[in-house]
Amino acid sequence: MNKDTHSHTRLEIGKSHPRGDAADKAAGREKYAADHYPENVLWAGAVRAGIAHGRLLAVDVSQAIALPGVITILTAKDVKGSNRQGIIHKDMPVLVDDRILYCGDPVALVVAETKDILSRAIALVRFSTETLPAVFDPESAMAENAPLLHEAMPGNFLMQAEIRKGDAESEFSACDAVVEDEFSTPVQAHGFLETENGVAWQELDGKIVMIVSTQAPFRDRLEIGHAVGLPFGNIRMISPALGGGFGGKDGATVQCLLALAALHTEGRPVKMQWEREENMLAGYKRHACRMRYKLGAKKDGTLHAIHCNLVYDTGAYAHLGGEVMELGMEHAAGPYRVPHTLIEGKCVFTNNPVGGAMRAFGVCQATFAFESMMDMLADRLGMDRLAIRQKNALVEGDENCAGVRMITSTGIAGCLDILGDHPLWRSANNWKQECPPGRKRGIGLASVFNAAGYGGKVRDSAIAKVELSLDGRIIVHSAVTDMGQGNSCAFSQIAGHMLGQSPEFIELRQPDTATAYPSGSSSAGRTTYTFGNALIKACEDMKARLINRAGLLLFIDNDRDLALEPGKVTHGPSKRDVSFTQLASFMPHEDRVCISQFVAPVCEDIPDTAKGFFIAFPHIIFAYGAHLARIELDTATGVITVCDYLAATDGGGIINPSMFDQQIQGGVAQGLGYAMMEDFQIREGKPLTKDFTGYLIPGSLDLPDTISIPFLGHESTGPFGLKGVGEVAMNGPLPAVANAVHDACGVRIFHGPITAEKVLAAMNL
Amino acid sequence: MDIKFTLNGNSQSLSTEPDRRVIDLLREDLGLTGIKEGCGTGECGACTVLMDGETRLSCLTLAAQIDGRDITTIEGLQDMEEGIILQKAFEEQGAVQCGYCIPGMEMAALPLLTLHPNAARNDIKIALSGNLCRCTGYVKIVDAVEQAGREIAVKKEGL
């Protein structure tokens, strides 16, 4: 272990300590779910429907089951529970019992001795279907007499909702300039490198134990228990480090299938890992979205009214589609003051792959439209593009577009100021003039924000547990998955800081439902915020307890002069100390554990602006950012090079500056992929982009060295003033690049991604 | 078939199917899970190993192809001075997030640094362009390879 370098360097908030997991990950020692191959392991795999809409008539497993090495083949009749999974709406079959609603629906589950036998057996399962008429886009799905996907959902609407503040419809007449247009964004794949996978086995007492690449180990138990008919208490979920998640591992992927398989293998462990093609077909995706926008302002640039209509294609099942749309709507008018807003949303079922959670959850779609509109409005009014954003930027005390009063830290204006003072902006005109022949240069801006937390009506809580181990170290029992964002490393840093410890005295345990406490999902920009707050309290309790117990051992009549140092408690005046190992041997187990809960604040003054929302409205804490892209366009080919990218971010206080930059640079990278190349293509419900050969994500040569600058704010409710920054940066690149392209050549692209073909075609019009 | 090869400096003999993928041989049969499978089609680079000092995608290499060859995996880096420097640089530069691509990145960077420790930033990006990372945006990964290159160059000049 390369721990020597950190010896006795106390962990402190605000320092760029190397991440606690970096050494193991860099040496290939970290064990991800995919790295578990228990002895005697069996392999499970799903037979996928391959048709977009139909009725499953019969499944014939006779040929497949005859193959030597096939253990069992399960169909819907083997599912003892509800056979329905889903986070909020339980509408997705573990195995199809009647209707097939998209190509990825599983019709049978095969368990075999080896991967090779498994793939041969999957190919030998026969099933017959009756094809039904299908709908592949929201417009046809909403049409009268369209085939209905879910009986209880008339019109194929998962959700229809509205935010109405003031009187937008009539107030456009009071505007001096009105711009109006239509935008769309494509489906995006998460593209995490570790595909959906896990291993599961049944213990002798009947309990199912699973090691799964999941963002929500505690909630998974509810989905699995409900779907396959197990008491929640009989399911133990272990969630090691994830090889990426970005939202795509929030909600059951392999979980229910694996649990079902493990119930039929007499204690033998079962492994399931989706291949990339299966991930592309059956994994959740970012919703495609069609947006109509109308935005009006006074002649000085003051925003006055907005009316927009957002239609999200949620695919075959609900997953979190309604909540994705709701969050998009809550952000639909940007981080600005707009007195009159009418925001309409429709989330529509189609026979496409399932839309679900993805970083910037419904928000990056609306941001593209809104930030493009801001530039269009600035042009109409002859205003500077930065000035119009600064003029309208929300400040504390303002109402946002959903009518929520901003009472938490609101740093968008500060982010815009950083951008305005930066050489990349100040030298913009010179840089453009120095453009080489055959090229055009442009600069684009975008203001972004992203809510943190689950929002109203859903308790957003975490319960932290810290423990003094018998070998004298502090164990932090993380209960929220680390999918790569480094929350667990932040937890080590918080515990080290609070307890005066160096890394070798802190042990971080990844979530295990047997030993940690329910703390919600790793998602929604709430992971470090919520669990971090709970952890601070648990560490305060631990500190007081260690000092108190050390005082007992040292026969000191008060705690005043006792202090924590790495691995021990010291008493300054007498120069005596007690090591953690000594302390631990003196303390019974329950005395060595501190547990504390934090519940995130909710809006106390909920505006009466939202109709049709189910849960998750409103949010009160937002991260903010101001982005700038400088691009160069090849006029012969339309190819865009992003030369420079700057992201100024208000994430409140910063626990670890290096990890803060990681989130921003990574979010921008995923955003630039979304902006310029990522386009998940579906034809009649079937993915055409089946792997990384067809679905291109940015490589090292496709991206600039993104500059991340923090706006040093402070969120008073956050741990050390922090707000989550995992999502906010994803929102900027698409509108920033669109605005830069317009600045370069006068062409505006309304439909993402902004590819060379689209730019060239638009320039030649 | 019986194959013999050198694995991280030690000779290895085993019997396997000639068409067994090297990634499965390493991860499942030999327990070397440091290299990862991200795509199975040679697009992501997470399964990169060195064969006779050059990068190879172990998901597209079959067991018969490594007979008689010298294979280095991420687990072998701790026995190489350049490997230790490289891993440390990844740790210190904050190049690691989820970490799934990192072993492959390091394997892709190693031959470059061995030959050209002073490689320019863009040459590093070219050397890593066959390896996908979804978390970092590559900035800190390239920083790490640069740092490692500087340190390796100093060591070489010192000899």
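On a predicted model such as this, the values are computed, not experimentally measured, just so you know.

Chemist: Help me out: how do you make sense of the side chain of N351 of chain A in this one?
Modeler: Within the fold, N351 of chain A resides in the loop between strand 17 (340–349) and helix 10 (363–381). Of note is the side chain of N351 of chain A, whose polar atom sits 3.2 Å from the backbone oxygen of A52 of chain A.

Chemist: I keep staring at the sheet that holds strand 27 (residues 621–634) of chain A and nothing clicks. Help me out?
Modeler: Think of a sheet as strands paired side by side through backbone hydrogen bonds, with each pair either parallel or antiparallel. All names here are of chain A. Read from one edge of the open sheet, four strands run 18-27-28-31, paired in mixed fashion. Taken across any chain shown, the strands that pair with only one partner, and hence form the sheet edges, are strand 18 (439–452) and strand 31 (707–710). Ignoring which end each strand starts from, the neighbouring axes of this sheet average 15° apart. In this structure, strand 18 lies alongside strand 27, joined through 14 bridges in antiparallel fashion. Opposite R439, over in strand 27, you have D634 as the bridge partner. Packed onto the sheet, helix 18 (residues 657–676) meets strand 27, strand 28 (640–650) and strand 31 and runs at close to 140° relative to strand 28.

Chemist: Would you mind showing me how to read the domain arrangement of chain B here?
Modeler: How big an interface is tends to be expressed through the accessible area that disappears when the partners come together. All names here are of chain B. Domain parsing of chain B yields domain 1 (2–76) and domain 2 (80–158). Just the C-alpha atoms count here: the centres of domain 1 and domain 2 sit 21 Å apart. The partner domain 2 presents 13 residues to the 16 residues of domain 1 that form the contact. Across the domain 1 to domain 2 interface the summed buried area is about 1,200 Å²; carbon plus sulfur atoms make up 66%. Summed over the shared surface of domain 1 and domain 2, the number is zero salt bridges. Applying the counting rule to domain 1 against domain 2 returns two residue pairs in polar contact (both at pLDDT 80 or more). Ranked by residues supplied to the side of domain 1 that touches domain 2, first place goes to strand 3 (residues 48–51) with three residues. Its residues assigned to classes, the side of domain 1 that touches domain 2 comprises five nonpolar, eight polar and three charged.

Chemist: Any chance you could explain a nonpolar patch on the surface here in plain terms?
Modeler: Residues and elements named next belong to chain A. A contiguous nonpolar surface patch, about 250 Å² in accessible area, is contributed by L552, L553 and F586. Summarising the element assignment, F586 is placed in helix 17 (residues 580–586). On the basis of relative accessibility, which here comes to 38%, the residue F586 falls in the partly exposed class.

Chemist: Can you help me understand the domain arrangement of chain A in this one?
Modeler: Residues and elements named next belong to chain A. Under the domain assignment, chain A is made up of domain 1 (4–30 + 461–599), domain 2 (34–132 + 196–273) and domain 3 (288–455 + 605–763). Connecting domain 1 to domain 3 are zero salt bridges. Where the side of domain 1 that touches domain 3 is concerned, the elements lending two or more residues are helix 15 (487–499) and helix 16 (527–554). Looking at the side of domain 1 that touches domain 3, the element that brings in the most residues is helix 15, giving six residues. Here the residues of the side of domain 1 that touches domain 3 are counted per class, giving nine nonpolar, 14 polar and four charged.

Chemist: Where do I start with the state of the cysteines in this structure?
Modeler: Such a bond, covalent and formed between the sulfur atoms of two cysteines, is termed a disulfide. Residue and element names in this part refer to chain A. Counted by the stated rule, this structure contains zero disulfides over all chains. Cysteine C347 is unpaired, with the sulfur of C289 as its nearest cysteine sulfur at 9.1 Å. Among the cysteines around C594, which has no disulfide bond, C539 carries the closest sulfur, lying 8.5 Å off. By relative accessible area, C594 is classed as buried at 2%.

Chemist: Looking at this structure, how should I read the pairing of strand 28 of chain A?
Modeler: All names here are of chain A. Among the eleven residues that make up strand 28, eight are buried, leaving the element largely enclosed by the rest of the structure. Where strand 27 and strand 28 come together, ten bridges link them in antiparallel fashion. Along strand 28, the bridge assignment pairs G625 with T649. Counting the residues between successive antiparallel strands, the hairpin from strand 27 to strand 28 contains five residues, one of them, G638, with a positive phi of roughly 80°.

Chemist: Just to check I follow, could you spell out helix 1 (residues 22–29) of chain B for this structure?
Modeler: An α-helix turns once every 3.6 residues. As a result, residues three or four positions apart point the same way. Most of helix 1 of chain B sits out of view: six of its eight residues are buried. Listed as buried for helix 1 of chain B are V22, I23, D24, L25, L26 and R27 of chain B. Lining the buried residues of helix 1 of chain B we find helix 3 (115–124) of chain A together with strand 1 (2–7), strand 2 (10–15) and strand 3 of chain B. Directly beyond the C-terminal end of helix 1 of chain B, a positive phi value near 70° is found at G31 of chain B.

Chemist: Could you clarify how one ought to interpret the interface of chain B and chain A in this entry?
Modeler: Facing the 47 residues of chain B at the interface are 59 residues of chain A. Taken together, the two surfaces of chain B and chain A that pack against each other cover about 4,100 Å², and 52% of this comes from carbon and sulfur. In terms of surface lost to chain A, no three residues of chain B exceed E91, Y100 and R134 of chain B, which account for 22% of the buried area on that side. Where chain B meets chain A, there are eight salt bridges. One salt bridge connects D705 of chain A with K125 of chain B, and the closest N-O pair in it is separated by 3.3 Å. Where chain B packs against chain A, one counts 27 residue pairs in polar contact (both at pLDDT 80 or more). Secondary structure elements with two or more residues in the side of chain B that touches chain A: helix 1, helix 2 (81–92), helix 3 (102–115), helix 4 (121–127) and helix 5 (139–158) of chain B. A per-class count over the side of chain B that touches chain A returns 18 nonpolar, 14 polar and 15 charged.

Chemist: I'm lost on the nonpolar core in this one. Help?
Modeler: Note that soluble globular proteins tend to have their nonpolar side chains buried in a common cluster. Ranked by internal contacts, the top residues of the largest apolar core, which has 276 residues, are Y293 and L546 of chain A together with F90 of chain B. The biggest single contributor to this core is helix 16 of chain A, with twelve residues. Each residue touching L546 of chain A, except ones within four places of it in the same chain, is listed here: L468, I474, L564, V569, F580, L583 and M587 of chain A. Core analysis: the second largest hydrophobic core is formed by 19 residues, V41, A49, L56 and V125 of chain A among them.

Chemist: Teacher, can you tell me more about the packing of helix 11 (residues 385–392) of chain A against helix 12 (residues 412–421) of chain A here?
Modeler: All names here are of chain A. Packing of helix 11 against helix 12 leaves a shortest axis separation of 10 Å and a crossing angle of 160°. Considered as vectors, helix 11 and helix 12 are oriented roughly antiparallel to each other. Crossing of helix 11 against helix 12: the hand is left-handed. Across the interface between the two elements, L386, R389 and Q390 from helix 11 touch L416, D417, L419 and G420 from helix 12. A class-by-class count of the residues in the contact of helix 11 with helix 12 yields three nonpolar, two polar and two charged.

Chemist: What exactly am I supposed to notice about the pattern of salt bridges here?
Modeler: In the structure shown here, the tally under the stated rule is 58 salt bridges over all chains. One salt bridge connects K611 of chain A with E162 of chain A, and the closest N-O pair in it is separated by 4.0 Å. Here the residue K611 of chain A occupies a position in strand 26 (residues 610–611), and E162 of chain A occupies one in strand 9 (residues 157–165), the gap between them amounting to 449 residues. The partner of R526 of chain A in a salt bridge is D460 of chain A, and the shortest N-O contact between them spans 2.8 Å. Residue R526 of chain A is located in the loop between strand 21 (506–509) and helix 16, and its partner D460 of chain A is located in the loop between strand 18 and strand 19 (461–468); the two are separated by 66 residues in the primary sequence. Like R526 of chain A, the residue D460 of chain A is buried in the burial classification. A network of salt bridges, in which partner residues are shared, links K115 of chain A together with R20, R21, D24, E28, D29 and E37 of chain B.

Chemist: When you look at the environment of K568 of chain A in this model, what are you seeing that I'm missing?
Modeler: All names here are of chain A. Along the chain, K568 falls in strand 23 (residues 568–571). Judged by relative accessible area, which is 27%, K568 ranks as partly exposed. Taking the C-alpha atoms as reference points, K568 and T581, separated by 13 residues in sequence, lie 8.2 Å from one another. The residues contacting K568, other than those within four sequence positions of it, are A563, D577, V578, S579 and F580.

Chemist: I would appreciate a short explanation of unusual backbone geometry in the present structure.
Modeler: Most peptide bonds take the trans configuration, and most residues that are not glycine carry a negative phi. Cis geometry marks the peptide bond from F617 of chain A to P618 of chain A; its omega dihedral reads -10°. Checked against the element boundaries, P618 of chain A lands in the loop between strand 26 and strand 27. For the peptide bond that leads from G752 of chain A to P753 of chain A, omega is -5°, which places it in the cis range. At F246 of chain A, a residue that is not glycine, the phi angle is positive and equals roughly 60°. Look at F246 of chain A and you get buried, because its relative accessible area is 11%. With a phi angle near 50°, D52 of chain B is a residue other than glycine that sits in the positive phi range. With respect to the helices, strands and loops of the structure, D52 of chain B is situated in the loop between strand 3 and strand 4 (54–57).

Quick notes on the rules
- Residues numbered from 1 in each chain as written.
- Chains lettered and ligands numbered in written order.
- Predicted model: local features only at pLDDT ≥ 70, side-chain atom pairs only at ≥ 80, totals over all residues.
- Heavy atoms only, no water.
- Helix = DSSP H or I, 4+ residues; strand = E, 2+ residues; numbered from the N terminus.
- Polar contact = N/O pair within 3.5 Å; in protein donor to acceptor, adjacent residues only side chain to side chain.
- Pairing = 2+ DSSP bridges.
- Axes fitted to C-alpha atoms, helices over the stretch in contact; angles between N-to-C directions.
- Contact = heavy atoms within 4.5 Å.
- Domains from an automatic or database assignment.
- Buried area = accessible area lost by both parts, 1.4 Å probe.
- Salt bridge = Lys/Arg side-chain N within 4 Å of Asp/Glu carboxyl O.
- Nonpolar A, V, L, I, M, F, W, Y, C, P; charged D, E, K, R; others polar.
- Patch = residues over 30% accessible without salt bridge, like charges linked within 9 Å, V, L, I, M, F, W, Y side chains within 5 Å.
- Areas by Shrake-Rupley, 256 points an atom, 1.4 Å probe, with all protein chains shown as cover.
- Buried < 20%, exposed > 50% of the residue type's maximum accessible area, 1.4 Å probe, protein only.
- Disulfide = S-S within 2.5 Å.
- Core = buried A, V, L, I, M, F, W, Y, C linked by side-chain atoms within 4.5 Å.
- Parallel < 35°, antiparallel > 145°, perpendicular 65-115°, else oblique.
- Left-handed = near helix turned anticlockwise from the far one by under 90°.

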